[in-house]
Amino acid sequence: MQITDVRVRKVAKEGKLKAVVSITMDEEFVVHDIKVIEGEKGLFIAMPSKKTAAGEYKDVAHPINSSTRDKIQGIILDKFETAMQAPDDE
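> Where do I start with unusual backbone geometry in this structure?
What is expected of a backbone is that most residues other than glycine have negative phi and most peptide bonds are trans. One non-glycine residue, Asp 26, lies in positive phi territory at about 50°. Judged by its relative accessible area of 36%, Asp 26 falls in the partly exposed class.

Next comes the structure, spelled out in structure tokens:
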């Protein structure tokens, strides 16, 4: 699996949510609404989720092992850092 495109939408308001990201894998499959969040230990990603009737949030799509999560997170955070350095009018 290769991530062939990453689209970062910066969030302008103050808070822990820094961006919302879409990734394309192998130019065939897209995952929208991955969140870049600033936590106590730095930036991390949260996969798209929905709220259950019990009030819990469950991931809609997610990697099934930590090495894949690390790979996806690394690519997304690299693109996020690049997007943060770009002028806002792009």
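Okay, back to it.
> When you look at the pattern of salt bridges in this model, what are you seeing that I'm missing?
Oppositely charged side chains are able to pair whenever their charged atoms sit close together. With the rule as written, the count across this model stands at three salt bridges. A salt bridge links Arg 7 to Asp 5; the nearest nitrogen and oxygen atoms lie 2.7 Å apart. Across the salt bridge formed by Asp 33 and Arg 9, the nearest N and O atoms sit 3.9 Å from each other. You can see Asp 33 sitting in strand β3 (residues 29-39) and its partner Arg 9 sitting in strand β1 (residues 3-10), a full 24 residues away along the chain. We classify Asp 33 as partly exposed; its relative accessible area is 39%. Classification of Arg 9 as partly exposed rests on a relative accessible area of 45%.

> Is there a simple way to explain helix α1 (residues 66-85) in this structure?
Helical geometry note: an α-helix holds 3.6 residues per turn, so side chains three or four residues apart project in the same direction. Taking 1.5 Å per residue as the helical rise, α1 with its 20 residues ought to reach 28 Å, and the 28 Å between its terminal C-alpha atoms agrees with that figure. Three or more residues of α1 are buried, namely Ile 72, Gln 73, Ile 76, Leu 77, Phe 80 and Ala 83. Each buried residue of α1 lies within a common arc of 130° when the element is viewed along its axis, so the set occupies one face. Residues of α1 that are exposed and angled more than 90 degrees away from the buried face: Ser 67, Asp 70, Asp 78, Thr 82 and Gln 85. Against β1, β2 (17-25), β3 and β4 (42-46) lie the buried residues of α1.

> Got a minute to help me understand the side chain of Thr 24 in this structure?
By secondary structure assignment, the location of Thr 24 is in strand β2. Residues in contact with Thr 24, not counting those within four places in the same chain, are Gln 2, Ile 3, Thr 4, Asp 5, Phe 29 and Val 30.

Conventions we followed
- Residues numbered from 1 in each chain as written.
- Predicted model: local features only at pLDDT ≥ 70, side-chain atom pairs only at ≥ 80, totals over all residues.
- Heavy atoms only, no water.
- Buried < 20%, exposed > 50% of the residue type's maximum accessible area, 1.4 Å probe, protein only.
- Salt bridge = Lys/Arg side-chain N within 4 Å of Asp/Glu carboxyl O.
- Helix = DSSP H or I, 4+ residues; strand = E, 2+ residues; numbered from the N terminus.
- Expected span 1.5 Å × (residues − 1).
- Arc of directions from axis to C-beta.
- Contact = heavy atoms within 4.5 Å.

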